[in-house]
Amino acid sequence: MMGSSSLKQSGLADEVLSVLRCLTCQGHLEDRGSKLACAGCGREYPLVNGIFRFVDEQQYAGSFGFQWHVHARTQLDTNASDRSERDFRQRTGWRPEDLAGKLVLDVGCGMGRFAEVATRWGAHVVGIDLSLAAEVAARNLAEREAAIFQADVFHLPFAPESFDFIYSIGVLHHTPDCERAFKMLPGLLKPGGRIAIWLYSRYNRWYRMSDIYRKATRRMPPRMLHTLCYGVVPLYGVHQVLKRIPLVGRPTSAALAYMIPMAFHKDRTWRILDTFDWYSPWYQSKHTYEEVFRWFESCGLQDLKVIEQPIAVQGRRPLFQEGSTSRSEKEINQCVG
């Protein structure tokens, strides 16, 4: 399990340390308990509140740190709900037997919702998040085969060809450059490894009004915005009443939903969380399958698949014969920043 004081307490210790690299010189890192230290240049990465830090601040991801501290366990599966597992299947296309025993990278792990599913399936998970949500994930996954770090997708502390599987679900579109963020990842796959991402869709334009509101809401103190999101509780009731009115009710509800976009999950807490998640991020891009397929192809990935929930795409890094340098291999190497 992943301990709270050092990788040395983790069953993943050797496996994780073997792929960790210094951000400055790409040297190997040594676990010295309260810090990771580069064996080459001597740069140190401190252990703070149970996780090693490869960044000094949350940058543009502060709202997520707030969000996942408030909703630390809201989206974890329970005996009463398996929504996270169902979402994981629908957004990656993977099954438990695919991940069992594999080293898996979760890019933007948040509070550990999907990492919890992957570890339950038998995966060894390395999770990174730019925000302080990484602290929550470390606590939620303390008894699992998971190692969590605070790190930036644009400056990842891993050696090339480290992971069997990589996924990023609902995260890359919250970076300043979604395409560039994606292209940081294929080079971290082992030959034959698979990657899956899920992004917001640009096909449905229902979000136009929320994009206008976000110009203001993303500048609000997160606690204030979260309080305002409690307004979806009575608004949800208004929609339920409108839908029962013959003829005009449903069109009126649809018009209201367009003017004030909100989450419609039946669970009240999920509804507040999902609405906050929509209005709070500083960056929030939307994408099409056409452009995402171009990203995958430009990185030399093969066997591209469209998964159940738009925009979800899966691909595979090709296997290469030893000593060969194919076009795909060159493309993948070019996709490493």
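Every value quoted in this text rests on a predicted model; they were computed, and no experiment measured them.

Student: Sorry, what's going on with the packing of aromatic side chains here?
Tutor: Both the distance between ring centres and the angle between the ring planes are used here to describe each pair of aromatic rings. Per the counting criterion, the structure on display carries 19 aromatic pairs. Ring geometry for Tyr60 and Tyr283: centres 5.4 Å apart, planes at 85 degrees, overall edge-to-face. Here the residue Tyr60 occupies a position in the loop between β4 (51–53) and α2 (62–70), and Tyr283 occupies one in the loop between α12 (268–279) and α13 (289–298), the gap between them amounting to 223 residues. Classification of Tyr283 by relative accessible area gives partly exposed; the value is 29%. Between Phe88 and Trp94, the ring centres sit 6.4 Å apart and the planes meet at 65 degrees, which makes this aromatic pair edge-to-face. Accessibility classification places Phe88 together with Trp94 in one group, the buried group. Grouped by ring-pair contacts, the aromatic residues Phe88, Trp94, Phe114, Trp121, Phe165 and Tyr167 constitute a single cluster. Across from the ring centre of Trp198, 3.9 Å away, lies the NZ or CZ of Arg91, which sits over that ring. In this structure, Lys286 is placed above the aromatic ring of Tyr207, and the distance from its NZ or CZ to the ring centre is 4.7 Å.

Student: What is the right way to look at the pattern of salt bridges in this model?
Tutor: Should their charged atoms come close, side chains of opposite charge can pair. A complete count under the given rule lists 21 salt bridges for this structure. Where Arg120 meets Asp77, a salt bridge forms, and the shortest distance between an N and an O atom there is 3.2 Å. With Arg120 in helix α5 (residues 113–120) and Asp77 in the loop between α2 and α3 (83–92), this residue pair connects regions lying 43 residues apart in the sequence. Relative accessible area serves as the criterion here: at 36%, Arg120 is assigned to the partly exposed category. Classification of Asp77 as buried rests on a relative accessible area of 16%. The partner of Arg316 in a salt bridge is Asp303, and the shortest N-O contact between them spans 2.6 Å. Of this pair, Arg316 sits in strand β11 (residues 312–316) while Asp303 sits in strand β10 (residues 302–306); the two residues are 13 residues apart in sequence, bridging distant segments of the chain. By relative accessible area, which is 18% here, Arg316 ends up buried. Accessibility expressed as a relative area gives 41% for Asp303, which makes it partly exposed.

Student: Hey, could you run me through a nonpolar patch on the surface in this one?
Tutor: A cluster of nonpolar side chains, contributed by Trp206, Ile212, Tyr213, Tyr258, Met259 and Ile260, occupies part of the molecular surface with about 530 Å² of accessible area. At the level of elements, α8 (208–217) and α11 (249–259) are the ones that each hand at least two residues to the nonpolar patch. Here Met259 lies in helix α11.

Student: Please clarify how the confidence of the model for the chain should be interpreted in this entry.
Tutor: Note: predicted coordinates in regions of low pLDDT should not be interpreted at a detailed level. Chain-level statistics for the chain give a pLDDT mean of 92 and a share of 93% at 70 or above. Predicted confidence for residues 1–5 stays below pLDDT 50, and this span has 20 contacts to residues more than four positions away or in other chains.

Student: Teacher, can you tell me more about the sheet that holds β4 here?
Tutor: Note on sheets: strands pair through backbone hydrogen bonds, and any given pair is parallel or antiparallel. With mixed pairing, 11 strands are arranged side by side in an open sheet as β1-β2-β3-β4-β7-β6-β5-β8-β9-β11-β10. The open sheet is flanked by β1 (29–31) and β10, the only strands paired with a single partner. Across the sheet, the mean angle separating the axes of adjacent strands is 20 degrees when strand polarity is ignored. Pairing geometry for strand β3 (residues 44–48) and β4, over two bridges, is antiparallel. Residue pairing for β4: Leu47 is matched across the bridge by Phe52.

Student: How should I be thinking about the state of the cysteines in this particular structure?
Tutor: Disulfide: a covalent bond connecting the sulfur atoms of a pair of cysteines. Taken as a whole, this structure holds one disulfide when the rule is applied. Shown here is the disulfide that connects Cys299 with Cys335, its sulfur atoms set 2.1 Å apart. An S-S torsion of about -95 degrees defines the bridge between Cys299 and Cys335 as left-handed. Of this pair, Cys299 sits in the loop between α13 and β10 while Cys335 sits in the segment after α14 (327–334); the two residues are 36 residues apart in sequence, bridging distant segments of the chain. A relative accessible area of 7% means that Cys335 is categorised as buried. The thiol of Cys41 is not disulfide-bonded; the next cysteine sulfur, from Cys22, is found 3.6 Å away. In this structure Cys41 comes out as partly exposed when scored by relative accessible area, which is 40%. Not engaged in a disulfide, the cysteine Cys109 finds its nearest cysteine sulfur in Cys178; these two sulfurs lie 18 Å apart.

Conventions used here
Residues numbered from 1 in each chain as written. Predicted model: local features only at pLDDT ≥ 70, side-chain atom pairs only at ≥ 80, totals over all residues. Heavy atoms only, no water. Phe/Tyr/Trp six-rings, centres within 6.5 Å; stacked < 30°, edge-to-face > 60°. Helix = DSSP H or I, 4+ residues; strand = E, 2+ residues; numbered from the N terminus. Buried < 20%, exposed > 50% of the residue type's maximum accessible area, 1.4 Å probe, protein only. Lys NZ or Arg CZ within 6 Å of the ring centre and 35° of its normal. Salt bridge = Lys/Arg side-chain N within 4 Å of Asp/Glu carboxyl O. Patch = residues over 30% accessible without salt bridge, like charges linked within 9 Å, V, L, I, M, F, W, Y side chains within 5 Å. Areas by Shrake-Rupley, 256 points an atom, 1.4 Å probe, with all protein chains shown as cover. pLDDT = per-residue confidence, 0-100. Contact = heavy atoms within 4.5 Å. Pairing = 2+ DSSP bridges. Axes fitted to C-alpha atoms, helices over the stretch in contact; angles between N-to-C directions. Disulfide = S-S within 2.5 Å.

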